[in-house]
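Summary of structural features
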Amino acid sequence: MFRSASALPSLARPAFASSGRAPAAAICAAPSRFYHEKADPTVGTGLVGAPACGDVMKLQIKVDEATGKIVDARFKTFGCGSAIASSSLVTEMVRGLSLDEAAQIKNSTIASELSLPPVKLHCSMLAEDAIKAAISDFQKKRASMGATVAASASSAPAGASATA
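From a predicted model like this one, the values you see are computed outputs, not experimental measurements.

Moving on, we get to the overall build of the protein. Across its full length, the protein carries six helices and three strands. Starting at the N terminus and walking to the C terminus, you meet the elements of the protein as α-α-β-β-β-α-α-α-α. Across the 164 residues in the protein, those meeting the buried criterion constitute 29%. When contacts within the protein are restricted to residue pairs at least 6 apart in sequence, long-range pairs at least 24 apart make up 53% of them.

Read from one edge to the other, the open sheet built from three strands follows the order β1-β2-β3, with strand pairing classed as antiparallel. Looking at which strands have only one partner, the edges of the open sheet turn out to be β1 (43-50) and β3 (70-78). Between one strand axis and the next, the sheet turns through 15° on average, direction left out of account. Sheet topology places β1 next to strand β2 (residues 55-63); eight bridges connect them, and they run antiparallel. Looking at β2, one finds that Val 48 is bridged to Met 57. Seen against the sheet, helix α3 (residues 81-94) touches β2 and β3 and runs at an angle of roughly 175° to β3.

This paragraph deals with unusual backbone geometry. Non-glycine residue Ser 115 carries a positive phi angle of around 55°. Mapped onto the fold, Ser 115 is located in the loop between α5 (107-114) and α6 (121-154). On the basis of relative accessibility, which here comes to 59%, the residue Ser 115 falls in the exposed class.

Per-chain confidence: the protein averages 77 in pLDDT, with 65% of residues scoring 70 or above. In the predicted structure, residues 1-19 sits below a pLDDT of 50 and forms 11 contacts with residues beyond four places in sequence or in another chain. Residue range residues 21-30 is modelled with pLDDT below 50. Its contacts to residues more than four positions away, or to other chains, number seven contacts.

On to the nonpolar core. Within the largest apolar cluster, 22 residues are counted, with the highest numbers of intra-cluster contacts made by Ile 61, Ile 70, Val 90, Val 94, Leu 99 and Ile 131. Among the secondary structure elements, those contributing two or more residues to this core are β1, β2, β3, α3, α4 (99-103) and α6. Ranked by residues supplied to this core, first place goes to α6 with seven residues.

Let's shift gears to the side chain of Glu 128. One can find Glu 128 in helix α6. Excluding anything up to four places from it in sequence, Glu 128 contacts Ile 105, Lys 106, Asn 107 and Ile 110.

So, on to the pattern of salt bridges. In this structure the tally under the stated criterion is six salt bridges. Residue Arg 142 pairs with Glu 65 through a salt bridge whose shortest N-O separation is 3.3 Å. Pair noted here: Arg 142 is in helix α6 and Glu 65 is in the loop between β2 and β3, with a separation of 77 residues, a long-range link. One salt bridge in this structure joins Lys 132 and Glu 128, with 2.6 Å as the shortest N-O distance. Of this pair, Lys 132 and Glu 128 both sit in helix α6, four residues apart, which is roughly one turn of that helix. We classify Lys 132 as partly exposed; its relative accessible area is 32%. Glu 128 sits in the buried class, given a relative accessible area of 10%. By sharing partners, the salt bridges in this structure join Asp 72, Arg 74, Glu 92 and Arg 95 into a single network.

Cut-offs and rules
The residue numbering used here restarts from 1 in each chain and proceeds along that chain's sequence as written. Predicted model: local features are reported for residues with pLDDT of at least 70 only, side-chain atom pairs are reported and counted for 80 or more only, and whole-chain, interface and lining totals are derived from all residues. Derived side-chain values reflect all non-hydrogen atoms in the structure, with water molecules and hydrogen atoms excluded from consideration. What counts as a helix is a DSSP run of H or I of at least four residues, what counts as a strand is a run of E of at least two, and both are numbered from the N terminus. Relative accessible area decides the class of each residue, using a 1.4 Å probe on protein chains only: under 20% of the type maximum gives buried, over 50% gives exposed, and in between gives partly exposed. Note on contacts: a residue pair qualifies if any of its non-hydrogen atoms lie within 4.5 Å across the two residues. Two strands pair under a simple rule: DSSP has to find at least two bridges between them. To get an axis, fit a line to the C-alpha atoms, keeping to the stretch in contact for a helix; angles then go from 0 to 180 degrees between the N-to-C directions. The quantity called pLDDT is the predictor's confidence in a given residue, expressed from 0 to 100. As used in this record, nonpolar core signifies buried Ala, Val, Leu, Ile, Met, Phe, Trp, Tyr and Cys residues forming a set joined through side-chain atoms within 4.5 Å. What makes a salt bridge here is a side-chain nitrogen of Lys or Arg within 4 Å of a carboxyl oxygen of Asp or Glu, nothing more.

Right, dumping it as structure tokens:
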């Protein structure tokens, strides 16, 4: 039958205090792996899919407004191992890059880095499309936010300050 967790050997339950490792609270304080908030104007989301194989990839980038560089990237992929590996590699590649530099990442670079076979090249193409879609989404958000700010400034009464 099943054994309770307390009956499992000590190897299955590492003792943080006795081994000199960080306490469990420190482990829980690690950055979450969830998505960024969609409403956040510094986040761009790219959702792409390949109908031929059924792979779907969602990539989110968070951009630092001051530097214009990608500070974080997260993904969720439904598909084969090559699609998941392509997504994961892309998140590592884009961190620290500007939007222009990230847009220059090509599927051939992803495929060669992962040594993808020819039958799996569509996975690297999907990852390239996800980068471009996320960048495009971020730029659309920034443009619409700029238009909203400009519209609210122009609709202010004549005696009112737009900065107040």
